[in-house]
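A structural walkthrough
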Amino acid sequence: MTPRPSSSGPDPKKTAEETSAAQQAAPPRKAVARGTTPKKATAEKATAKKAAAKKAAQKATAKKATAAKATAKKTTVEKTAGQPPAAKRTAAGKAAGGKAAGGAGGKKGVPRKAPAEGRAARRSAKEAVPAEVAVSPVLDAADRERLLAGTHHDPHSVLGAHRVPGGVAFRAFRPYARAVTVLSGELRAGLHDDGGGFFSALLPLGEVPAYRLLVAYGDTDQEVEDPYRFLPTLGDLDLHLIGEGRHEQLWQALGARPATHEGVAGTRFTVWAPNARGVRVAGGFNFWDGTGHPMRSLGGTGVWELFLPGIGAGELYKFEITRPDGSRTFRADPMARRTEVPPATSSVVHVSEYTWEDDAWLARRAQAPAHEAPMSVYEVHLPSWRPGLTYRELAEQLPAYVADLGFTHVELMPVAEHPFGGSWGYQVTGFYAPTARLGDPDDFKYLVDRLHRAGIGVLMDWVPAHFPRDDWALAEFDGRPLYEHSDPLRAAHPDWGTLEFDFGRREVRNFLVANAVYWCEEFHIDGLRVDAVASMLYLDYSREPGQWTPNEHGGRENLDAVAFLQEMNATVYRRVPGVVTVAEESTAWDGVTRATHHEGPSGFGGLGFGLKWNMGWMHDSLEYMSHEPVHRKYHHGEMTFSMVYAYSENYVLPISHDEVVHGKKSLVSKMPGDWWQQRASERAYLGYMWAHPGKQLLFMGQEFAQGAEWSEARGPDWWLLDPQYGAAADHRGVLDLVRDLNAVYRDTPALWQRDTHPSGFAWVVGDAAEDNVLAFLRLDADGAPLLAVSNFAPVVRPEYRLGVPDDVPVWHEVLNTDAARYGGGDVGNPDPVKPEPQGWHGRPASIRLTLPPLATVWLRPA
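This text gives an overview of the structure that appears in the document. Keep in mind it's a predicted model, so treat the numbers as computed, not measured.

Notes on the packing of helix H9 (residues 391-405) against helix H10 (residues 441-453)
The relative placement of two packed helices comes down to the angle between their axes together with the axis-to-axis distance. Contact geometry of H9 with H10 gives a least axis separation of 8 Å together with a crossing angle of 10 degrees. It follows from the interaxial angle that H9 and H10 lie roughly parallel. Contact residues: H9 offers Tyr 391, Arg 392, Leu 394, Ala 395, Glu 396, Leu 398 and Pro 399, while H10 offers Asp 442, Asp 443, Phe 444, Tyr 446, Leu 447, Arg 450 and Leu 451.

A few points about unusual backbone geometry
Along the chain, Pro 342 connects to Pro 343 via a cis peptide bond; the corresponding omega equals 10 degrees. A cis geometry characterises the amide bond from Met 413 onward to Pro 414, with omega recorded as -15 degrees. Structurally, the position occupied by Pro 414 is in the loop between strand E18 (409-413) and strand E19 (416-417). In this model, Lys 665 sits at a positive phi of 75 degrees, which is unusual for a non-glycine residue. By the element assignment, Lys 665 lies in the loop between strand E27 (651-655) and helix H19 (675-691). Owing to a relative accessible area of 45%, Lys 665 belongs among the partly exposed residues under this scheme. A positive phi angle, near 45 degrees, is found at Leu 854, a position not held by glycine. For Leu 854, the location among the structural elements is in the loop between strand E34 (845-851) and strand E35 (855-861).

Topic: the side chain of Asp 717
Relative to the elements of secondary structure, Asp 717 occurs in the loop between strand E28 (695-699) and helix H20 (728-746). Here the side chain of Asp 717 touches Arg 714 through a polar contact of 2.8 Å, side chain to side chain. Not counting the four nearest positions on each side in its chain, Asp 717 is found in contact with Phe 704, Gln 706 and Ala 708.

A look at the pattern of salt bridges
Counted under the stated rule, the structure contains 42 salt bridges. Lys 695 is the partner of Asp 755 in a salt bridge, and the nearest nitrogen-oxygen pair spans 2.8 Å. Residue Asp 755 is found in the loop between H20 and strand E29 (761-768), and its partner Lys 695 is found in strand E28; the two are separated by 60 residues along the sequence. One exposure class covers both Asp 755 and Lys 695, and it is buried.

Some remarks on the pairing of strand E32 (residues 797-804)
Among the eight residues that make up E32, six are buried, leaving the element largely enclosed by the rest of the structure. Where E32 lies against E34, six bridges are found, and the strand directions are antiparallel. If you follow Arg 801 over to E34, its bridge partner there is Arg 848.

Structural notes on the sheet that holds E18
The pairing of strands in a sheet comes from backbone hydrogen bonds and takes either a parallel or an antiparallel form. Around the barrel, eight strands lie side by side as E17-E18-E21-E24-E25-E26-E27-E28; this closed barrel has parallel pairing. Taken over all neighbouring pairs, the strand axes of this sheet differ in orientation by 25 degrees on average, direction set aside. By the bridge criterion, five bridges tie strand E17 (residues 376-381) to E18 in an arrangement that is parallel. Directly across from Val 380, in E18, lies its bridge partner Leu 412. Along the sheet, H9 contacts E17 and E18; its crossing angle with E17, the most-contacted strand, is approximately 150 degrees. Running over the sheet, H19 touches E17, E27 and E28 and is turned about 145 degrees from E28.

What about the nonpolar core?
Membership of the largest hydrophobic core comes to 181 residues, with the highest contact counts inside it found for Phe 269, Tyr 378, Phe 444 and Trp 519. By residue number, the principal contributor to this core is helix H12 (residues 506-522), which donates 10 residues.

Things to note about the sheet that holds strand E8 (residues 220-224)
Sheet architecture is open: four strands sit in the order E4-E3-E7-E8, paired in antiparallel fashion. Bordering the open sheet on either side are strand E4 (187-190) and E8, each of which pairs with just one other strand. The sheet shows a mean angle of 20 degrees between the axes of neighbouring strands, direction not considered.

Parameters and conventions
Residues numbered from 1 in each chain as written. Predicted model: local features only at pLDDT ≥ 70, side-chain atom pairs only at ≥ 80, totals over all residues. Heavy atoms only, no water. Axes fitted to C-alpha atoms, helices over the stretch in contact; angles between N-to-C directions. Helix = DSSP H or I, 4+ residues; strand = E, 2+ residues; numbered from the N terminus. Parallel < 35°, antiparallel > 145°, perpendicular 65-115°, else oblique. Contact = heavy atoms within 4.5 Å. Buried < 20%, exposed > 50% of the residue type's maximum accessible area, 1.4 Å probe, protein only. Polar contact = N/O pair within 3.5 Å; in protein donor to acceptor, adjacent residues only side chain to side chain. Salt bridge = Lys/Arg side-chain N within 4 Å of Asp/Glu carboxyl O. Pairing = 2+ DSSP bridges. Core = buried A, V, L, I, M, F, W, Y, C linked by side-chain atoms within 4.5 Å.

Rendered as C-alpha cells:
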C-alpha cells in the first residue's frame, strides 16, 4: 500500500464576499478628471457602462455561434480538464462550487436553476456553456473535512458526476491514488489532484455521461466503476417498511447483497445505524481502510447505503461507524449471512448457490399440526456430536443414525454464529449466519436437506432474549444503545452478563421477527425452539426490588416482550406452513400456546407458540427417580402432579442438555443403586416418558446410557457401543429400547393423536404410592387404548390386578423395558392377557399382570 497523502489540500478559493471586501479595501486605480463635477462624472460613467455592456453582449453572441458550430462538428475533448482560470470565475460560481448538484439550496440530485444566461446556454445538450458562468468543481473545505472524518451523511451529493453551471463536475475521493482519469466513450479526461485524495474537473458537457474511472496507484492502473454515480439500491417501499418495523424479509433489504444495479455487478451494503454521524465500508477490497468508501444516509430511517461495483461473494467486510462523540468503531454486519470462522469476527459477502431437493417434505409437513402428530426429538450439539465433522460430513452420518433410531425430529444447537465454541451457542453475535465452524451457509442447507430427505424434521435453538457485549457486535452498535434498552437496568441481564433486546423499539422487533422468518424460509427450518422465554416475559426476572420498574399498569409483565412474541409467532405461522415454534418457558404464564387473538383469564392474548417445554414435569419426575426406591412412596405426587396441568398447554417433555452438564450428572447417573438398577431405572423412566401425554425430547448420549456428563470437546462416548468394550451390550440394550419406543410410538395413534385433549388420557391407578406403581390408558380419536404400567420398585409384582375397559377381549404386551434384549431380566407377560369380569379401580373388568422390577410395560388390544 502506498503512503497515504496528506489530508490537507490546497487552500480553497476565496468566497465572493471575501473578494468583494478585498476590492473595497484596495485603492482606486484612476481618479476623477480634474474639473468634472461628481454628478457629471456619474452620468458619463453610466453612459460608458451601457456601451461596454452592449459590446459584451455582441461578443457573447458571437461566442455562442462559435461554440454551437464547434459542437456541431462533434470535436472530441481530448485534454486534461483542470479548474478554470480564476479570472473567469464569477462570484456566483464561486459560491456554488463544491456544493451538491445545483448548490446547497436545491434538492438532492436536482441542479439549482442557474442565471438566465446560463439556462439559455444549456438549451441544447450539444451547446457549450459560456465560461463566464462556469463554477469550480473543487470541494469546499467543509465537505472535504466531513469526508475525511467519516461524518458525511450524503457523499453521493458531492462525489461522482453532477450537472452544474458551466458543464459537468466530476469529483473523486481516492485516498492513496496518484491520478484519476474519467473515461467515457472516446472521452479521456484527467482530473486535477486537489490534495488529500481528492480529484476534480469541470468538463463542458451538457449531460452526465456513462463513465468509468481510471485510477493510478503507484505503477498500477485500475479501470473501475465509480460507486458514487449510482442511484440508491433501496426503494421507497423497502424504506417505508423498515421505518414501520414491518419488513418481514429484512435480510433482503439490509446487509451485504450481491446484485446487478443499473447494469453493473457488485454488492449493495446497507446497515441500520440511526445514531451514527457517518458510516463507511471497510474490507479486504480496500485494505480495511474505509476512508474512500463512505455510505449515504437514506432519510429518517437510519439506514445507510452504498453500492460497490466489482465486489462479490467471499469478500470480508465490516462497517466503520463514526459515533456521536466522533470516535470510530468497526462492527460486524448485524445482517451478515456468513461470517469468518471464530475467533475472527469479520462478515463475509455471501451468495447462495444451493438447490433444494426437499419439496416432498415441505408439502407433507403441513398436513397435520405438530401437537396432533407424532414428535420425538433427538437434541444434538452439532460441533460435538462427532467432533471435527463439517456440516456435509454430518449429513452423511446424522440422518442415518436418527432415522435408524426412529426419531421424528432433530433439534440442532448451536446454529447461529457465536463467539465461544464451548458454549451452547446462547450468546449470539451473528443472528443471520450459521456458525462458520462447520462450513458455509450452503453446507448447512445441505445438512437440513439431507435430514428432510431422510424423513426427519429440523428444529433449531433460537435466542431472541439477549446478546453478548462484544465490542464488534451489537452492543451500543452505533455509539448509543440501539438493539438494547436505553435504560441500563432494563438492558443488563442479571444472570448472564449479556444485554436484553429492546422489544419496544419497532426496528429491533423487526430485526428479530424477520430473523425467525429467515431461518424458516431460507434454510427450510421446520421449527424454532425459543430459549429463555421466561426471562423475556418478566420485568423482575432475577432482579431484586428497586432494580426494576413496573409496567404502565403497575405489573411485572414485560408488555413489549409479550407483543414481540405474539408478532413473531403470528408472522411465522402465517408465512411458513407446517412450521412449529416451541417455548422454553419455566413459569406458569397463562396462554403460552394459546392463539394470540384469544384472551385468557389474565387479560392477555395467548403468546401463540405451538408447543411449550414442560419444565415442571422434567424437574418433578427426575427428582422422583433420583430417590432410592424405598423412599419413592413419599414422593409419589411428583409423578402424578403433571396430570393436574397436562392440558393447560401443548407440552414437550424435555430431557435436555440443561440436565446433563455442570454437575447435574447424565440421565443414567441420576438413578440410584448399582449399575443394573441404574440402567433398569433409566429404561423404566424412558418407557414412562414416551407414554406420558406430550412430545418427547432426549439429549444425545442419553439414548445409550452414557455415564459421563456431556463434554463439548469429547462429545458422546461412542466407544461405549464398541463391541470390543466389555459392557457394550449394556449400552446397546438401552439404544435398542429407544429405537423400539419410537417405533411403537409412531405406530400407535393413542400415544400422540390426543396429546392436548383430556379425552386422550385416563388414570387406571395413580395412588399406588406404597407399590411405586403408576398405570394409565392413552386413547386415540376412535377410543382405541394403550395401557402403560410402570413399576418403580426393584421387586417383581406377580398377579398385579388392574382395572380395564370391558370392551377389549385380549391384551397383548407390545413393549417391556425389562426384556432381555434391552439388558433386563426378561420378566413379563409373553402370553395374551384376557380380562376378567371382576371390577377393579372403578372399571367393570380387570387383568392380572406380572410387573417386572424397575420396568414399564405397554399393552394394546390384540
